[in-house]
Amino acid sequence: MTALFVLITALAVFTAYAFVSPRIEDTLRQTSEANFSQVGEGFVALVEELREENRTLTPEVIESYATSRGVQWGVVLGDGGQIVNGTLDNWDQNVVERAVASGRPQQSIEPIETGEREGQELATYAAPVNLQGQRDAGAAVVFVRYITQSDSDNVTAAIRSIERIALLAGALALLIAGVAGYLVADQISRRISRLGLAAQRLARGNFDERIKTRLRDEVGSLGETFNSMAASLQAAFRQIQVEKERGQTILNGMTDAVVGVDRDLNTTFLNQRARELLAASDQDFQRRLYEILAKARFAGEPVTEPEVHSAEKIIEVRAAPLEDGALAILRDVTEERRIEKAKAEFIANASHELKTPLFALSGYLEMLEDEEDEEVRKSFLQDMKLQTERLQNLARTLLDLSRLDSGAVTFRLEDVDLEELLYEARSAFRYAEREIRVRAEEGVPQVRTDPIQLQRVISILLDNAIKYSPEDEPVELELSRNGEKAEIRVIDHGCGIPEQDVPHIFERFYRAHGSSRADGTGLGLALAHEISTHLGAEIRVQSEPDAGSTFTLALPLNKT
């Protein structure tokens, strides 16, 4: 930049010198000629002055004037060039003739090409005049000056001096321009370099970068524009970051897993749920997932896979294409499918359980129409009564389960003495005419629970124990403390539960295989389990075939 500035300055100096130098030379030469022209102008003024004073122009006056001006003079006739008066030794007769012919002064400067004055210039001035009051026919006053080589040399020397001064001034101007240009260029270069460095930092993501400038020039304006741009970018990227964090928070808070891939099916995004799901999944599931993503990516349309198995889970996969890849949402539908299956089984089992007593009632009614024996009719009516009670119990139990599922049952908690509750339960089953033994450990604290609902759970367990054990075998009720819990155990010595049925014994409508009892609905233990869960208690079973079963109900003790 400095070199360009100096080059432009040098070109300007050279151009100015080339334009001014000839004009200076012409001006100096014109000045030399003008000095001689002043001789004629002064003579004209002299003649006017004499005329105003009514005086006569005499040779003496002309000679005095010529001497004062340092020129030769003479009076020369226009016709023939004869000198009437004066000291002339050479003149330009053409100038005299033009002056006499025109009646006005004439002047010329001509070079002398021969003689002693060769190389000099002859300056001739001629003005028509009247001497001593008479007009000499065709006479003119002539003034002559020789412009010598020294005069030309003086002009040339002056021109050379001016040229030297001009060159010196040009060199000084170049020096000043160079230094000033270097300082200015260095300053501008430094500021532009700072601007470039700030732009690089801004490109690397440092949106706090700013340009500090004190000068209000173009570079300063550019710096202010840069600062405005940086501030706008900072605000924009801050907003993008906020939106990104908000989206990340939303995605991480989703219960569904989200998986994103690029054009080449490389994973670009996983939310927290997706990381957990993929970490626990097998290779077959992951392979199937990426097949679904690839199908959505290359088909350009959404793809839904209702069930993809991963270990013991069932995952629903919904994939959609994106401009630069694909996105899949994975939802764990294991519980949903289990509930759907349980609902279907519940409806089927409920229908079956309702159908059996209804068909029995229908059959008894048909037989009653044709039966005339009163004893047989009483027997049929007794059986119909039992089937009706079975239907009522089934409907009541289904209603209770439904109310528990919907949260419509209100549990009223109070401090309950469990030993007293066990004796009340034994009294309630006195009609069964079975021996029920109660053994209670001393010092078991009270528990805070709903006594009515807890009594119902114990009744269900006692009823099952009586049903599925021999009539000559007693049923036992035990109470003890186990750490921070009070445990109630219902023990029978009946047929027991097969090992494969134990995990399912609390499911609705489930009855152990090989059970000889047909009057059970499979809902009693399910209801007991639901009530226990709502009371914050835990119910579990230990059983062996032909050795009996032990149902344990563990309730948390009151915190003191």
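The following refers to the structure shown.

Quick notes on the rules
Residues numbered from 1 in each chain as written. Predicted model: local features only at pLDDT ≥ 70, side-chain atom pairs only at ≥ 80, totals over all residues. Heavy atoms only, no water. Patch = residues over 30% accessible without salt bridge, like charges linked within 9 Å, V, L, I, M, F, W, Y side chains within 5 Å. Areas by Shrake-Rupley, 256 points an atom, 1.4 Å probe, with all protein chains shown as cover. Salt bridge = Lys/Arg side-chain N within 4 Å of Asp/Glu carboxyl O. Lys, Arg positive; Asp, Glu negative; His and termini not counted. Charge placed at Lys NZ, Arg CZ, Asp CG, Glu CD. Helix = DSSP H or I, 4+ residues; strand = E, 2+ residues; numbered from the N terminus. Buried < 20%, exposed > 50% of the residue type's maximum accessible area, 1.4 Å probe, protein only. Contact = heavy atoms within 4.5 Å. Polar contact = N/O pair within 3.5 Å; in protein donor to acceptor, adjacent residues only side chain to side chain. Axes fitted to C-alpha atoms, helices over the stretch in contact; angles between N-to-C directions. Parallel < 35°, antiparallel > 145°, perpendicular 65-115°, else oblique. Left-handed = near helix turned anticlockwise from the far one by under 90°. Nonpolar A, V, L, I, M, F, W, Y, C, P; charged D, E, K, R; others polar. Pairing = 2+ DSSP bridges.

### Re a negative patch on the surface
Negative charge collects at one region of the surface, where D417, E419, E420, E424, E441 and E442 lie side by side. Counting through the fold element by element, D417 comes out in the loop between β11 (414-416) and α10 (418-428). Residue classification places D417 among the partly exposed positions, given a relative accessible area of 34%.

### Here's the deal with the environment of D89
Looking at where D89 falls in the secondary structure, it is placed in the loop between β2 (83-86) and α3 (93-102). Residue D89 is classed as exposed on the basis of its relative accessible area, which comes to 51%. Residues D89 and Q72, 17 residues apart in the sequence, show an inter-C-alpha distance of 8.5 Å. Residues contacting D89, with those up to four places away along its chain left out, are Q72 and Y146. Within polar-contact distance, the side chain of D89 engages the side chain of Y146 at 3.1 Å.

### Section: the packing of helix α11 (residues 451-467) against helix α12 (residues 524-535)
Two elements in contact, α11 and α12, have axes whose closest approach is 9 Å; the angle formed by their N-to-C orientations is 150°. Relative to α12, the element α11 lies roughly antiparallel. Here α11 and α12 pass one another in a crossing that is left-handed. Across the interface between the two elements, Q453, L454, R456, V457, I460, L461 and N464 from α11 touch G524, L525, L527, A528, I531, S532 and L535 from α12. A per-class count over the contact of α11 with α12 returns nine nonpolar, four polar and one charged.

### So, the pattern of salt bridges
A complete count under the given rule lists 21 salt bridges for this structure. A salt bridge links E53 to R55, with the shortest nitrogen-to-oxygen separation between them at 2.9 Å.

### Concerning the packing of α10 against α11
Contact geometry for α10 and α11: axes closest at 10 Å, N-to-C directions at 50°. Judged by the inter-axis angle, α10 sits oblique to α11. Handedness of the crossing formed by α10 with α11: right-handed. Here L418, L421, L422, E424 and A425 of α10 come into contact with α11, specifically with P451, L454, Q455, I458 and L462. Of the residues in the contact of α10 with α11, the class split is eight nonpolar, one polar and one charged.

### Focus on the sheet that holds strand β7 (residues 267-270)
Taken together, five strands build an open sheet; the order of strands is β7-β6-β10-β9-β8 and the sheet is antiparallel. Looking along the sheet, the strands with just one partner apiece sit at the ends: β7 and β8 (303-310). Within this sheet the neighbouring strands show an average axis-to-axis angle of 25°, counted without direction. Examined bridge by bridge, β8 and strand β9 (residues 313-322) share six bridges and lie antiparallel to one another. Each bridged residue has a counterpart across the sheet, and for E305 the counterpart in β9 is V317. Contacting β6 (257-262), β7, β9 and β10 (325-332), helix α6 (residues 272-280) crosses the sheet at an angle of about 90° to β6.

### Quick look at the side chain of E316
Locating E316 in the fold gives a position in strand β9. The class of E316 is buried, set by a relative accessible area of 8%. Here R318 takes part through its side chain, which lies 3.4 Å from a polar atom of the side chain of E316. Non-local contacts of E316, meaning those with residues more than four positions away in its chain, are made with E305, P306, I329, L330, R331, V333 and R337.

### Let's talk about unusual backbone geometry
Of note, E433 is a non-glycine position whose phi angle comes to about 55°, a positive value. Mapped onto the elements, E433 comes out in the loop between α10 and β12 (436-440). For D546, which is not glycine, the phi dihedral falls at a positive 65°. Of the residues examined, D546 reaches a relative accessible area of 70% and is grouped as exposed.

### What to know about the environment of D450
Here D450 lies in the loop between β13 (447-449) and α11. Of the residues examined, D450 reaches a relative accessible area of 5% and is grouped as buried. Put simply, D450 and V416 are 34 residues apart on the chain and 7.9 Å apart in space, counted from C-alpha to C-alpha. Once residues within four sequence positions are removed from consideration, D450 is found in contact with T410, F411, R412, L413 and L535.

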